Every structure is written in structure tokens, then in C-alpha cells.
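# Close look at the chain arrangement
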Amino acid sequence: ERIVHWHEPPISVPSKISLTKHPLPESILPTNGESAASPLVYCIDKPSTVPIYPAGPYYANSLLLMVEAQEGLPPKTLIPLHRIDRATSGVLLCANMSSVARVIQGRMTSSISEDEKNPPTKKLYLARVRGRFPGGMPLESPTIPKECE
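Reading guide: rules and limits
- Counting restarts for each chain: residues are numbered from 1 in the order of the written sequence.
- It should be noted that, the model being predicted, local features are given only for residues of pLDDT at least 70 and side-chain atom pairs only at 80 or more, the latter also being counted only at that level, while totals for whole chains, interfaces and linings use all residues.
- In computing side-chain values, all of the structure's heavy atoms are included and hydrogens and water are not.
- Buried residues are those whose accessible area, probed at 1.4 Å on protein chains only, stays under 20% of the maximum for their type, while exposed residues exceed 50% and partly exposed ones sit between those limits.
- To qualify as a helix, a DSSP run of H or I must reach at least 4 residues; to qualify as a strand, a run of E must reach at least 2; elements of each kind are numbered from the N terminus.
- By the convention used here, residues are in contact when the closest approach between their heavy atoms is within 4.5 Å.
- A pair of strands is labelled paired if DSSP reports no fewer than 2 bridges between them.
- Salt bridge, as applied in this entry: a Lys or Arg side-chain nitrogen positioned within 4 Å of an Asp or Glu carboxyl oxygen.

## Quick look at helix H1 (residues 63-71)
Helical geometry note: an α-helix holds 3.6 residues per turn, so side chains three or four residues apart project in the same direction. The set of residues buried in H1 consists of Leu 63, Leu 64, Met 66, Val 67 and Glu 68. Each element contacted by the buried residues of H1 is listed here: strand S1 (19-23), strand S2 (40-46), strand S3 (79-80) and strand S4 (90-95). Of the residues trailing H1, Gly 72 is marked for its positive phi of about 70 degrees.

## Some thoughts on the sheet that holds S2
If you trace the four strands from one edge of the open sheet to the other, you get S1-S2-S4-S3, paired in antiparallel fashion. Only two strands of the sheet have a single neighbouring strand rather than two, namely S1 and S3. Here S3 runs beside S4; their pairing, made up of two bridges, is antiparallel. Looking at S4, one finds that Ile 79 is bridged to Ala 95.

## Overview of the pattern of salt bridges
Under the defined criterion, the tally for this structure stands at two salt bridges. For Lys 21, the salt bridge is made with Glu 71, and the minimal N-O distance between the two is 3.2 Å. Of the two residues, Lys 21 sits in strand S1 while Glu 71 sits in helix H1, which places them 50 residues apart along the sequence. What makes Lys 21 partly exposed here is its relative accessible area of 42%. Residue class for Glu 71 comes out partly exposed when judged on its relative accessible area of 24%. The salt bridge involving Asp 85 is made with Arg 83; its shortest N-O contact spans 3.2 Å.

Structure representation (C-alpha cells):
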């Protein structure tokens, strides 16, 4: 008889993962009778070292499973709307319905807007840097592109 025993790699997470839930107006969603659940977007504060999906050596120590357990949601309820690597900290957007995910992902990948009131969504990465870049370029404050302001 063969017994396999392994431990997941350690991760560093707070006792409670910080998140906010934002309802979406029914008017922006396609009507397909998907569910009686209210359409929500979850904004999750993803710590570094934590993978989003259960994969490889990580299963229980994956962000989606930890948030679903914390919020009392059934497994596979949350649908990530974009990628964010394991080593990166930041905000992860998730939806609780596939119709919500399709609408928001479409806005994130589109470079043109069908509606002037709702321009396309842009993703912005900021890096914290201590010291100087090669070539002596000092950074005194964050530099944010004008189109993202």
C-alpha cells in the first residue's frame, strides 16, 4: 500500500481577507434567467504569495477557496475577472454570476466605448521602488499616466 502525504507551501495571509461587495444595476446585465442571486462584483485585497486558483501544490491555500469559505459561499461561486500573479499583491475583481463576468470582462478588453458615460475599464500597475533606477533617475512621487487619472 502506498500513502502520499504532502503539505502545501506556506503563504502569508491576514486572519480575514479584506473585501468589498458591489451590486450592479440589473439594467446593464443581459436577461438570461441565470439565477435569483443578486449580481455582485467582489473587490478582494489579494496578498502576495497567494495564488488565485487551486493548482499545483496549492489547493486549500488559494485565494478563491479561502474567500468562498470566509464568506460562506459554495465552492466555484467566484469568477475572477482578470489575472494577477501569485507573487503580486493588489485588487482582484471577481463576479458571482457568469453574465456579470462577461459584461465586465468585455469592458476590460475593449478599447472603445459604446456609451460615452461608461468609458472602457483600464488596469494600472504601480510598483513601489526604493532607491534609484539605473542611470540615476530619482523618483520623488508616483508617476501615473494621464489616461489613467
